Each structure stands twice: as C-alpha cells, then as structure tokens.
Amino acid sequence: MARPTVSQDKDDDADTGIAVQTRPKTKRPPLYKVLLLNDDYTPMEFVVHVLERFFGLNHAQAFEIMLTVHKKGIAVVGVFSHEIAETKVAQVMDFARRHQHPLQCTMEKE
Ligand code: TYC
C-alpha cells in the first residue's frame, strides 16, 4: 500500500525527461477500537461469555480481558473496520439488554 508508482506522463516534470514518481492517494480506512466498560452488576461469567461469543476469544483470553475491565474500568476488546465495530457493539448491547444486564460496549476511532 502507498508504494510509489511510475506511469506514463503522469509525473509533474513538464516532460523534461526527469522522472518524478507520484503516488496515487490510497488512504487506508480508519480503524475503530471496541471498548468494554465495567459496572457493578453484570456477572463476570456473562462478560466472559460475551467475549467468547462475539469476539472469538478463547476462555483464558476472555477471562483476562474481563478482569482488566473489572479492575481498570475499561479495556479494548478488539480493533475493527467501522462496520464490523458497529456490528460488534450492537450485538453486545442487544445481548446484554436481552439478559437484563447493564453491560456497556462502545467504539472509538483509533
Ligand atoms: N464488575 C463486575 C462484577 O464485579 C464484572 C464486570 C466485568 C462487569 C467487566 C462488566 O465489562 C465488565 N460482577
């Protein structure tokens, strides 16, 4: 990505014969952190289950992130494209609401 390319007469040298490399602007799409927030009521096992189910983490990874959130108040669960991050947040919020837990999940531009 963003490698210089040379193509016919696309340079800016007014045909002096001096090769000038131009790079087409290909901006990488922005990435988004998905964040999990602590609360006093959501059971630890429920949070671990959410992390396994929606973020494909194994039990040890899920338990570790859950504990980080529990101790520090917030943690990054993963980094995704805007669409994927939005979907994960919606899935977690919907699942928590359906189980009547106040678990909060948000996203933030990296
Ligand atoms: N603090 C919760 C408890 O003690 C556990 C918890 C962890 C809740 C992570 C939310 O995102 C969270 N039951």
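Check the entry above for the structure.
Residues numbered from 1 in each chain as written. Predicted model: local features only at pLDDT ≥ 70, side-chain atom pairs only at ≥ 80, totals over all residues. Heavy atoms only, no water.

### Re the packing of helix H1 (residues 44–55) against helix H3 (residues 82–98)
Viewed as axis vectors pointing N to C, H1 and H3 meet at an angle of 145°, and their least axial separation amounts to 11 Å. The hand of the H1/H3 crossing is right-handed. Listed contacts from H3 to Phe 46, His 49, Val 50, Arg 53, Phe 54 and Phe 55 of H1 are Lys 88, Gln 91, Val 92, Phe 95 and Ala 96. Looking at the contact of H1 with H3 residue by residue, the classes come out as 7 nonpolar, 2 polar and 2 charged. (Axes fitted to C-alpha atoms, helices over the stretch in contact; angles between N-to-C directions. Helix = DSSP H or I, 4+ residues; strand = E, 2+ residues; numbered from the N terminus. Left-handed = near helix turned anticlockwise from the far one by under 90°. Contact = heavy atoms within 4.5 Å. Nonpolar A, V, L, I, M, F, W, Y, C, P; charged D, E, K, R; others polar.)

### Section: unusual backbone geometry
In this structure, Gln 100 is a non-glycine residue whose phi angle is positive, near 55°. Along the polypeptide, Gln 100 turns up in the loop between H3 and strand S3 (104–109).

### Topic: the side chain of Lys 88
Turning to its location among the elements, Lys 88 is positioned in helix H3. With sequence-adjacent residues up to four places away left out, Lys 88 is seen in contact with Phe 54, Phe 55 and Phe 80.

### With respect to the site of the ligand
Contacts to the ligand come from Leu 36, Leu 37, Asn 38, Asp 39, Thr 42, Met 44, Val 47, Met 66, Val 69, His 70 and Leu 103. At 2.8 Å, a side-chain N or O of Asn 38 approaches a nitrogen atom of the ligand. The separation between a nitrogen atom of the ligand and a polar main-chain atom of Asp 39 is 2.7 Å. Taken by itself the ligand offers 350 Å² of open surface, and the protein chains cover 89% of this. Here the shell around the ligand takes 3 residues from helix H2 (residues 59–72), the largest share from any one element. Looking at the shell around the ligand residue by residue, the class counts come to 7 nonpolar, 3 polar and 1 charged. (Near = heavy atom within 4 Å. Polar contact = N/O pair within 3.5 Å; in protein donor to acceptor, adjacent residues only side chain to side chain. Areas by Shrake-Rupley, 256 points an atom, 1.4 Å probe, with all protein chains shown as cover.)

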